[in-house]
Structures are given as C-alpha cells and as structure tokens.
Amino acid sequence: MNYLVLAYVLGVVCLFEAAFMLVPLITALIYKEGSIAVVYLLSTLICTTIGAVLVIISGKNRKIRAKEGMIAVALSWIVMSLLGALPFFISGEIPKYVDAFFETVSGFTTTGSTILTNVSKLSYANRMWRSFTHWVGGMGVIVFILSLLPSAGGSFMNLMAAESPGPDVSKIVPKVRDTAKTLYRIYIGMTLIQLVLLLLAGMNAFDAITLTMGTAGTGGFAVRSDGFDSYTLLQTGIIAVFMLLFGINFNFYVLLLRGKRKQAFRMEEVVSYIGIILAATTVIVISVQSLFPDLFLAIHHVFFTVSSIITTTGYATVDFNLWTPIAQIILVLLMICGACAGSTGGGFKVSRINIILKGVKKEFSTLVHPRSVKKVRMDGKPIAHEIVRSVNVFLAIYISIFVFSLILIALDGKDLVTNFTSVAATLNNIGPGLGEVGPMGSFADFSPFAKLVFCFDMLAGRLELLPILLLFLPSMWFRRNRRIVSQ
Amino acid sequence: MKIMIIGCGKVGTSLVRELSREEHEVTVIDNRADRAKGIVGEYDVMGLVGSGMDHSLLQEGGIDQTDLFIAVTGNDELNLLCCLLARKLCENIQTIARVRSPEYSETIMDLQSDLGVSVIINPELAAAREVFKAISLPPTVSAETFSSDASEIYKLKIPKGSVLEGMAIKDIPHKLKSDILICMVERKDDLFIPDGEFILHEKDLISITGQPKKRMQFFKKIGIKSNNVHNVMVIGAGKLAFYLAKMLEKTNINLTLVDNNRATCEKMATFFPNATIIEGNGSDREMLADEGLENMDAFVSLTGIDEENIILSLYIRSIMPIKTITKINRISFDDVINALDLDTIINPKKLTSETIIRYVRAAEGGMGSNVETVHRLAQDRAEALEFYIREKSRATNIPLMNLKTRSDTLAALIVRDGKAILPRGTDEIRVGDSVIFITTHTGLCTLDDVLDEDVL
C-alpha cells in the first residue's frame, strides 16, 4: 500500500472541495446571508489547509495500483462527506454532526434521503450546497479532478474505474483525461439544456438551478417544504424527461455525438431500460388510475414517479405511499433495478440484470445440452467470463449488505416496510422509500447508529460496493512486502 | 498525434511506454485480453481486444482519425496485411510494419510501396548493422551512429592510471594535443553535461565526439589499444547472426559460428560456405577453447537466452581483453545489466522502438528544423538529438557562446558538407548543417525547443 499516494489523492480532493464550497459562498453573498458566508469561508479555509498539508507530505511516486485506486476513492468520498458536513454543522442549521454527515453523504452519493423535516428552514446557501453535492457526486468527483489535472498517468485509470458505475469500465478515447473531459462535457451540456428549459418554463432561478443539479446527479433533494406541489405540469414534465435522460449510459451520447446513431439505438442496455420504464408505467397507470382525476394526470405523475425511482433520483410529485400494493411492489423492484451503467444513476444497473438473466439462460441450455459451449453476449459481442462472474459476485455482496443492514436497522424497532424500503432507498441511492421514509417522511427519527449504517449503505451503493468493503479488509492496510526502491 | 499499435508484445509495450509519455493518443490492439487489459492499467492508453485484421475493431478504435499505424505482432505477414487494411480504411495514414524474416528482407523492399507501407522495420537487420560496426571498435568502447557516418558519439570508460585522471576538460586540447569534445560524463549514478571546469576521474564513462583520426589518437593517448579484427566468434545462429554473417562475408574477417541445432547449422553452412560453422553448445568451455577461442579478436553472443549471453560475455571478459558484444532483449532489467562489466550491448527491441519514435517525432515536427535521429543514452537519462537545419531560425548564425540553450543541453557536433566540426564557442549553426545536441530533457522536437524557455 502506497500511503503517500493516498495522501496525494485525498489532498487534491480536499482542495477541490474547497473550490466547490465557493458556490454556496457566492449564493450566501447573493442572498445576503452574512453569517452563513462566514461559515463557508471558514469551511473553505479548513479544506484548503488539510488539502495543502496532505499534498505537501505526499511523495513523488504517483503510481496508483488497482487496490490503491479503490481505497483512495473510498477514502476520498468519506473525507469529502466529513468535510462537506462542516457548513451544516457550524452554521447550526443541522445541530447534530451525525445528521449533517448523513445529509452530506446523501448529497454526494446522489441519494437524496434527508433528515430534515422542513427544508425551507435551511438558508439558501446550505440548500444550494446540498444540491451542488448532488451534481458533483453524480458524475464523480475523481472523474472531475482527472479531467482537470494537467497530466494524469495511466495508472489514474484505476481511480476512474473505482468511481464509475457499471460492470465493465472502459475508456471512450485513449487518454484518461480526455475520457473524463468528454463525459463532463456531455454532463455539463445536458445540465445547461435542462436549466434553460426550466427557466423558459417559468421556474425561478434558485429552484431551477438546484432542481437541475439534483436531476443531473440523479440525487433528489427537494428545495421546498411543500415538495413539488407549486411547480407546473410543464416544469415537472421537463424534470421527468431529464431524469430519464441522465439515467442512460453516457456511451449512448458519445455514440450519438460521433454520428453513430444506429449503433447507439442498438445498445441493449438502453433498449431494455426504456422498455422497463414503459412497461412499469403502463402497469402502474392501470393500477392507480382511479386515484387521479383524469388519465393524462395519471400518466404524468406515474411517469414522473417511475422515471424518478428507476434513475434513483427520488423526486416525488405525489405521495406513492398511498398507491396500490402492486404499484408499490413495482416501485420497490424498480428501486433495486436502477438505471444504466455509465450513467449518473445508482441501483443494481440494468446491464447487470441483463447479464445475470443471460447467464441463467445459458445455464439452462447447458442443462439441456451438457456439452454445449456458449458465450454470454452483450450488444452482439461475447463478454469475458470474468465479467459474468464479477456480476454474480456483485449480486451476492449486494444481497449480503442488504441483509446485514436490514438486521442492524431493525434494532430501531420500525415496521418491516419502513426498514426494508429505507435500506433499499439508501443502498440504491434513491432517497425516499415507503412507510415512515415515504416521499413525505424523513430519516430524522432513526437512531444515530442506524444513520451511520445508512451512510455506509449510501457510500457502498454509489461506489459499487467493493471499494468501501475493501476498507474493512485488514490485509489492505498492513505492509507485507518491503518497499521496492525505485531509481 | 493519434497512434494505433497492433500487437502488445515486448516492442509494443515499450512503444506504448515511450509514446504515452510523449503525450500521444495511443490505442493498442492485441488478441489477448490479459495483455490489452494489463497495458491499460499501466499506461494512459486505450486497449482493445481482437485482431488487427478486424475491420470493425479498427473502426471502433477510430482508424479514420489515426495518423500513424504500427503493426508489431510476431507475425510478419499479419503485420503487412494489417498495414494494407489500415491504408484501405484511411488513405492518409502512415504505416509501419515490422518484418523480420531473412527470406523477405530483400524482396520486401520492392513490394513496400505496393503494400502501402510507409516504413518497414527489421530489428534484427538493424541490430546486425550495430554489431558489425561495434566489432571493429576497441574493447570497452561503444558507438552511437547518427544519420551520416561522420556523426558518431563514442562512449568509453576511462582506464585505470590514464592521463585523464584529475584533468579538467578545458586542459585536454593543449595537454593531450587532441581535438575531441567530451559531451557527457556518467559517474556511478550521476550524469553530467560537463563544462570546461569539469574534472575527470578514472572509471568515469565519457561520451566523446570528434573526427575519426583524432579519435583514434585520443584513444591511444589515454591508454586504449585499437582493435584489429581478423577472427570473430558468434554464438547462436538466429536471424541476427544471419544478417551479420552476410555483412562479414564481404570483409576479410573470419567468422566462427556456433549453434547447438543441427538443422540451423546446416542451413547456415549452405548460405555461408566460407564461415566455420560449429555444431555445439556455446556454454561448453572446452569446446570454445578447442575451436580456437584464444585466437579471436571479438566475441559476439546472440543466443535467444539473455542470461546465457550475459554469462558468456562475462566469462570471455574475465579471461581475455577482447571486444565482446552481448545481445539482450529483456528491457526491464536495464539498471542491473548496466551495472555489469559487459562492454557493448545490443538490444534489437530497443532499436526498433527507437526507430519508430524517431519516425513519430520527425512526422510530428512537420517540415521545420526537426529531429532527424534520437538516441537514448545512459539508461534513458539523456538523449542525443540530431537536427537537420533546413531554414533560418533564432538559433542559426549566432556564435554558440552567445546562444542561450536550455540547462544541461550541449551542442556536441556539427556536420557540414559531410565533415564533422567540433563545436567551439565561436562556431555557429548554419542552414544545411546537421547538429547533434546532448540533453537531459525529453520530448524536444525542434531546434527551437533546444533554446532556453526564457527566450520564448
């Protein structure tokens, strides 16, 4: 383990976080929130100091191996959340540090679960920071940093692979930096388009900016205590469509930009993703139609909800706690399914489900023809056996974490639906669940221990389980080999 | 520059290392997933798995925007075919193919333009040329040749008890009456681009330039005997040995070739009736002695096993002071190998990647006064760059003492009308010259890059 390179990565992350905090700082100045501005100034200084110290003590060896990449990313996200919680805590608007930490983790991991019962009590700057963490966390902080660092060596790919969602991370263009840049260009471009559309649809600037950032990162923090009631159908419609778009694999957009439309629309994952959304919407509309005044409104709200849940955003225009059981079951399944790999969404990922189902099909065909040789294919190409295996392992780990979290959360004594959906909502980075944690509820009533378990789930879900789990592997931390002296 | 490399073996890997370090956009294709994956984890490149003959794979790698296509798989025919396909998919692409087989070496040049290959690289042939040149050098002296024969840099170790011990570089011309230039000194782990005040010590590795006659005089004065070669022993009859034998055939040097494979020996015997071909184990002491080792003036070990080559050369150096040349192909142990007392080392794989990098740099610099040849010196810690001056620039027609160059950068030689000129302070660079600079910086492409950044 190269501790010095960890210090370097963490240091750079702290410095970038200091820069990120300028956004709420400026917001505070605009809305004349003097004391909050001071809080952010202080937080920025703390981040800068820690970052500078870490970068200075870090060595010149910048080689990051795969395991160091994972550890560095996991630690970065924890440190980022610890520091990002400072403004909430120092300003006193979230009096308990555990709560502030939960809120920040929920922000960076684009979960959108909240411990706040009344959002509008929060200052503008803090609300902006909450939403901004969504936007930064959506595409990934490390990816953002990589796109700006002057020359990141090849081994920095290990960082990117650890942070990007999906079973198989590959580059779009030869250089890590250009790959990161391309992704961020698409991300920023789509964010701006949504922002402009919302402004044109008559939304006020603050709401438009914060909601767009929440949509882009598929986060889901609301900015008003009345949720989405005060927005027009057009505005929520725009948000629904963009949630769906941000849940699509970004390789789809890369292919579109390169003029390979045919290839883009043939991506199996995107096709299944759209298919799942259409099917789920149809079934739920049929089931809950009676709850709405007319069919159009039913379709609108159901589509919004489905799009919000499958992309793991978690915005809610209606309280789906009141929907029929079949509708709720489908929503819970969508929570677990999640969006496409390589998007900003969370969850299990459509491509993994595709691979697992294909693996099952292959297994059955070997039962019929024991000697047959078959390959699991994706987009017409055979995929390596290792990827199939790693997806199966992912499923196993996913279920284990789910079960353990469920047991730990159950200690708090809530009902089964609340427990089950709260774990599903955090592990899949969605936000609201059902029962007490439904769209109109919050996570405020859980014990501090349960909140920490949720924080772990959110981080594990965002970083695709393994990096966070590696932190708990003792052999990662002890040096077994003598350090090789490099020239 | 966008570069696509087919084949990720030893040469492919070292190319990737060099080219990605110089900030090119590199895409590597190999048919083995582990190799393609490994290289992506190590260097900042894109790796694809599949065949270089796969139409759609090349397109996925962006062949239509690629500037340079390099095929270095182990298979000559495949390399040529890949280049042909690449040219078909993208008309303006430059292609480089590695072709090693001696059977092709002559005919392929006739087919080169038909196949649409810009450059054909034959590492064994290039290495054979280096070996051939090195044979006639005194022991412990090795040479780097630039584009013309007049421009060469010689590297040697100052012998024990030499007059150079404790001498400052500025005193050499009048004390030794020899007109040579010392352009680089390696002392243990340190590397110096020396100025006049620099004091030399025995066992320093010095690199010198100068006219051939003056150079020989200098060798004599500092106590290095010249090497008159009549008999050469070569162990290992591979492709390199074949090319070498072909070159030696035209001289009056007697070749003794040892190989332990009967069929190989018979084949060599058919091609080279004048050479002495021995079927035997090169590591057999008695056999070497029987075949007249003590009469040899040079010893070349070219077996396929690096370790065997190294041991053989070390053995020869321990019993007699003749020229030994060792072929080493495993690049990753450079530092260990250089610590051994091995005399001249030939590395075909490294020669290949150097040639390609030279080509890349020349292609990148456009038509300005750009780098003609690049030589890596002293375990890649320094480079010798040869520039051909095609046009006037800020560096031309200024006395060198007034020319502000980068730190640790030195003009080592000027070649004008085929003659080597040792650059002194009053000399100037003119249009039409070839100039060799020694520098510790990497990635310099044009003459302007050599000048101090402050001037820019």
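Cut-offs applied
Counting from 1, residues in each chain are numbered in the order their sequence is written. Here every chain gets a letter starting at A, and every ligand a number starting at 1, in the order they are written. Local features in a predicted model are, by the rule used here, given only for residues with pLDDT of at least 70; side-chain atom pairs are given and counted only at 80 or more, and totals for whole chains, interfaces and linings are based on all residues. The side-chain quantities take in all heavy atoms of the structure and omit both hydrogens and water. We call two residues contacting when some pair of their heavy atoms lies within 4.5 Å. Here the buried area means the combined drop in accessible surface, using a 1.4 Å probe, for two parts upon being joined, counting both sides. Under this definition, polar contacts are N or O atom pairs within 3.5 Å; protein pairs additionally need one hydrogen-donor-capable and one acceptor-capable atom, and for neighbouring residues in sequence, both atoms have to be side-chain atoms. By the criteria applied, helices consist of DSSP H or I runs no shorter than four residues and strands consist of E runs no shorter than two, each listed in order from the N terminus. Segment limits for the domains were obtained from an automatic or database-derived domain assignment. Put simply, a salt bridge is a Lys or Arg side-chain nitrogen that is within 4 Å of an Asp or Glu carboxyl oxygen. Interaxial angle, 0 to 180 degrees, is taken between N-to-C directions of lines fitted to C-alpha atoms, where a helix line uses only the stretch in contact. By definition, any crossing whose near helix is turned counterclockwise from its far helix by less than a right angle is left-handed, and any crossing with a clockwise turn is right-handed. Here the term charged refers only to Asp, Glu, Lys and Arg, the term nonpolar to Ala, Val, Leu, Ile, Met, Phe, Trp, Tyr, Cys and Pro, and the term polar to all other amino acids, Gly among them. Here the term buried applies to any residue with accessible area under 20% of the maximum for its type, exposed to any over 50%, and partly exposed to those in between, with areas from a 1.4 Å probe on protein chains only. Two strands make a pair as long as DSSP finds a minimum of two bridges between them.

(A) Quick look at the interface of chain A and chain B. Between chain A and chain B, the contact holds 19 residues from the first and 16 residues from the second. Summed over both partners, the interface of chain A with chain B buries about 1300 Å², with 40% contributed by carbon and sulfur atoms. Applying the counting criterion to the chain A and chain B interface returns zero residue pairs in polar contact (both at pLDDT 80 or more). Of all the secondary-structure elements, those providing two or more residues to the side of chain A that touches chain B are helix H9 (157-163) and helix H10 (176-200) of chain A.

(B) Region of the structure containing the domain arrangement of chain B. Residue and element names in this part refer to chain B. Splitting chain B by domain gives domain 1 (2-121), domain 2 (127-134 + 228-346), domain 3 (142-221) and domain 4 (357-450). The centre of domain 1, based on its C-alpha atoms, is set 30 Å off from the matching centre of domain 4. Each partner contributes residues to the interface: domain 1 has 12 residues there, and domain 4 has seven residues. With both chains or domains summed, domain 1 and domain 4 bury close to 800 Å², and 61% of this area falls on carbon and sulfur atoms. Looking at the side of domain 1 facing domain 4, the largest losses of area belong to Glu 18, Glu 22 and His 24, adding up to 47% of the total buried there. For the pair domain 1 and domain 4, the interface holds zero salt bridges.

(C) Examining the packing of H10(A) against helix H11 (residues 205-216) of chain A more closely. All names here are of chain A. Where H10 meets H11, the axes come as close as 9 Å, and the angle between the chain directions of the two elements is 145°. Two packed elements cross with a definite hand, and for H10 against H11 that hand is right-handed. Residue-level inspection shows Tyr 187, Thr 191, Gln 194, Leu 195, Leu 198 and Leu 199 of H10 in contact with H11, the latter providing Ala 205, Ala 208, Ile 209, Thr 212, Thr 215 and Ala 216. Here the contact of H10 with H11 is built from residues that sort into eight nonpolar, four polar and no charged.

(D) Representation of the environment of Ile57(A) in the model. Residue and element names in this part refer to chain A. Relative to the helices and strands, Ile 57 is located in helix H3 (residues 34-57). For Ile 57, a relative accessible area of 51% puts it in the exposed group. For the pair Ile 57 and Ala 7, spaced 50 residues apart in sequence, the C-alpha to C-alpha distance is 7.4 Å. When neighbours within four sequence positions are excluded, Ile 57 is seen to be in contact with Leu 4 and Ala 7.

(E) Local environment of the sheet that holds strand E16 (residues 323-327) of chain B. All names here are of chain B. One open sheet accounts for six strands, arranged E14-E13-E12-E15-E16-E17; its pairing is parallel. At either margin of the open sheet sits one strand with a lone partner, and together these are strand E14 (276-279) and strand E17 (344-346). Neighbour to neighbour, the strand axes of the sheet diverge by 15° on average, direction disregarded. Sitting on the sheet, helix H10 (residues 262-271) touches strand E13 (254-259) and E14, and the angle it makes with E14 is about 170°.

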